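# Remarks on the overall topology
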Amino acid sequence: MIRRAVRRWYAEPRIAEAVFALGAPFAPPWPAEVYGRLASRFKGFAAREDRLAIDAPLARQGATPCPPADGAPHRVWRLNQEGHRAVQWGPGVVAFNVLPPYGHFEDHVPIWSNLIEAFLAEERPAAIGWAEQRYVNEFTLARAERPGDLFVFYPTLPDERERRHVMSRVDLDAGDFEGGAVRVRLLRTAADAEAVRYQLIVIAESRRSLSADGDAIMRWHNVAHNAINEAFERVITDETRRRMRQV
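Rules used in this analysis
Residues numbered from 1 in each chain as written. Predicted model: local features only at pLDDT ≥ 70, side-chain atom pairs only at ≥ 80, totals over all residues. Heavy atoms only, no water. Helix = DSSP H or I, 4+ residues; strand = E, 2+ residues; numbered from the N terminus. Buried < 20%, exposed > 50% of the residue type's maximum accessible area, 1.4 Å probe, protein only. Polar contact = N/O pair within 3.5 Å; in protein donor to acceptor, adjacent residues only side chain to side chain. Contact = heavy atoms within 4.5 Å. Phe/Tyr/Trp six-rings, centres within 6.5 Å; stacked < 30°, edge-to-face > 60°. 1 Å grid on protein atoms, 1.4 Å probe; cavity = no way out; pocket = protein on both sides within 12 Å on 5 of 7 lines; lining within 4 Å. Points joined across faces, edges and corners; volume = space filled by probe spheres on them. Nonpolar A, V, L, I, M, F, W, Y, C, P; charged D, E, K, R; others polar. Pairing = 2+ DSSP bridges. Axes fitted to C-alpha atoms, helices over the stretch in contact; angles between N-to-C directions.

Now for the side chain of Asn80. You can see Asn80 is positioned in the loop between β3 (74-79) and β4 (85-90). What makes Asn80 buried here is its relative accessible area of 6%. In terms of polar contacts, Asn80 uses its side chain to reach the side chain of Glu82, at 3.2 Å. Excluding residues that lie within four positions of it along the chain, Asn80 makes contacts with Gly44, Phe45, Ala47 and Arg85.

Written out as structure tokens, the structure reads:
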């Protein structure tokens, strides 16, 4: 079991996107008035609206448009005026996207709790089939730098291969917590003659259905967030903490 982490704070976190999400199984299509009621309730998210396929990726930073097929059920993604927060809802799924500046988890609890409450009132599921928290962190390394200096679980490679940044993806089952598990993924996402970009993605997922109750769901998210913090701290080095300016 993952123990409660000693929480660290960073002046320059590398969070490119955080996603809080949950879904209900066997959800029928929504009539137009459901989308309208939710849009009316969350009027601060009206700067832009995209229609997405139900199974489109929940993380939207850099994602392809993924429109629904003609006549197929869909979810919507709605962005706030500042362009740094977004909501998603549709049959069987609700999500909240947080783009930089991130702030702190506690800053996002009120809107996420309200989204959950609104979703449960419209969907009225018997249970929640799955829940997820996902943190996408981005790091840019100079060509001459070694990824093993920043990421503990980067495999031991010959010096020449590590300096060439040959590893494109590493996946790690990072641990369990009450009601879920945490995965960590390291991806090389871009490279040029000068620099290489990596994403360090930390994902907490439920392992069983949850009660369709807002308080129970938020308890899961609080435990999941502690587990994400613990997993993140386990896979980064002191050099990474220095670059993020631990305070």
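Turning our attention to the packing of aromatic side chains. The description of an aromatic ring pair uses the distance of the two centres, along with the angle that the planes make with each other. In total, this model carries 12 aromatic pairs according to the counting rule given. Between Phe45 and Phe96 the ring centres are 6.4 Å apart and the planes differ by 85°, which places this aromatic pair in the edge-to-face class. Of this pair, Phe45 sits in the loop between α1 (32-41) and β2 (48-53) while Phe96 is found in strand β5 (residues 93-98), placing the two residues 51 residues apart along the sequence. For Phe45, a relative accessible area of 10% puts it in the buried group. Members of the aromatic cluster, joined through ring pairs, are Phe20, Phe45, Phe96, Tyr102, Phe105, Trp112 and Tyr135.

Another aspect to go through is the layout of surface pockets. Reported here for the largest pocket is a volume of approximately 430 Å³. Along its surface, the largest pocket is lined by 23 residues, and Ala56, Pro57, Leu58, Ala59 and Arg134 are the ones closest to its centre. Of the residues in the lining of the largest pocket, the class split is 12 nonpolar, three polar and eight charged. Taken as a whole, the second largest pocket encloses approximately 380 Å³ of empty space.

Attention now moves to the environment of His225. Mapped onto the elements, His225 comes out in helix α4 (residues 214-235). When its relative accessible area of 4% is taken as the criterion, His225 is described as buried. Put simply, His225 and Tyr135 are 90 residues apart on the chain and 9.8 Å apart in space, counted from C-alpha to C-alpha. The contacts of His225, once residues within four sequence positions are left out, are Arg7, Tyr102, Phe105, Gln133 and Tyr135. At a separation of 3.2 Å, a polar atom in the side chain of His225 contacts the side chain of Gln133.

The next thing to look at is the sheet that holds strand β10 (residues 195-206). The sheet built from nine strands is open, its strands ordered β2-β3-β4-β5-β1-β7-β10-β9-β8 with antiparallel pairing. Two strands bound the open sheet, and with one partner strand each, they are β2 and β8 (169-177). Taking each pair of neighbouring strands and ignoring which way they run, the sheet shows an average axis angle of 15°. Here strand β9 (residues 180-191) runs beside β10; their pairing, made up of 11 bridges, is antiparallel. Following the sheet pairing, Arg185 is matched in β10 by Ile201. Where α1 meets the sheet, it contacts β3 and β4, and its direction lies at approximately 155° from that of β4. Taken strand by strand, α4 contacts β1 (15-23), β7 (130-142), β8, β9 and β10, and its axis lies near 25° from that of β7.

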